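The chain contents come next:
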Amino acid sequence: MPVYVVVGRGRFTDRVSTVFFPRDFLDLLNYVESRFNASFPNLRRLFGGSEVDPGALLEEALNLLLLLKERGGELPPAFFFAVLPKDFEDVASIIGGGASSMTVPVEGRVYELVGGFGRALLRAPEGERELKAGEELFLGTVRVKVFARQAYEAVAGPLKTLAVAALLALRERQTVKVLGSVPGAAAA
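Criteria and thresholds
Residues numbered from 1 in each chain as written. Predicted model: local features only at pLDDT ≥ 70, side-chain atom pairs only at ≥ 80, totals over all residues. Heavy atoms only, no water. Helix = DSSP H or I, 4+ residues; strand = E, 2+ residues; numbered from the N terminus. Buried < 20%, exposed > 50% of the residue type's maximum accessible area, 1.4 Å probe, protein only. Phe/Tyr/Trp six-rings, centres within 6.5 Å; stacked < 30°, edge-to-face > 60°.

Enquirer: Could you give an account of unusual backbone geometry, with specific residues and numbers?
Expert: Trans is the common state for peptide bonds, and a negative phi is the common state for residues other than glycine. Of note in the backbone geometry, Glu-107 takes a positive phi value of approximately 45° without being a glycine. Tracing the chain through its elements places Glu-107 in the loop between β4 (101-106) and β5 (109-114). The exposure class of Glu-107 is exposed, given its relative accessible area of 81%. Although it is not a glycine, Arg-173 adopts a positive phi angle of roughly 55°. For Arg-173, the position within the fold is in the loop between α4 (151-172) and β11 (176-179). Exposure remark for Arg-173: the relative accessible area of 76% places this residue in the exposed category.

This is the structure in structure tokens:
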């Protein structure tokens, strides 16, 4: 499910990400906060399901964007998965761009692909194993490829979307929230 940012009661709504989930952004904040001794409480609250003040959000989104631009290479990459088309006729299946996590049922068994910042795992009935960027998996008739991006490349677009939403909210004296978050997750 895509993550959307909402200003006020829906005056402005825009997509933040179709690839990464709120928990992925919270994982990134955990890495950044522990690695660089930085703090982003409003971004944490936002991805945890709370409404936030747009001024504080704008400041934190810009600070995180600059930090990742300057030092993001010191962080682990972000992993995501894309279902590859079976043939040229099925090219529409890759247009969505993938997701940081997927569940693929195959003949009574369930395979879980877990990505995000710093990890790419396949959880299968046979056990769990780490995946590498570029690897292709065949799960029944589903072909999945593992992709990786550096932290800045992975979240620059979403952070810029949040900055624009914060500016609009400031202009209209509204709050900002994201849809698709898990309430209470910010405390983790």
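Structure's up, so let's keep going.
Enquirer: Run through the packing of aromatic side chains, naming residues and quoting values.
Expert: As enumerated under the stated definition, the model contains four aromatic pairs in all. With centroids separated by 6.3 Å and ring planes inclined at 75°, the aromatic side chains of Phe-20 and Phe-80 adopt a geometry described as edge-to-face. With a gap of 60 residues between them, Phe-20 in the loop between β2 (12-17) and α1 (22-36) and Phe-80 in strand β3 (residues 78-84) connect regions that are remote in the sequence. Considered together, Phe-20 and Phe-80 belong to a single accessibility category, that of buried residues. Aromatic side chains Phe-25 and Phe-47 sit 4.5 Å apart centroid to centroid with 5° between the ring planes, which places their arrangement in the stacked category. Pair noted here: Phe-25 is in helix α1 and Phe-47 is in helix α2 (residues 41-47), with a separation of 22 residues, a long-range link. Cluster of aromatic residues (ring-pair linked, three or more members): Phe-20, Phe-80, Phe-117 and Phe-147.

Shape descriptors only; they carry no functional weight alone.
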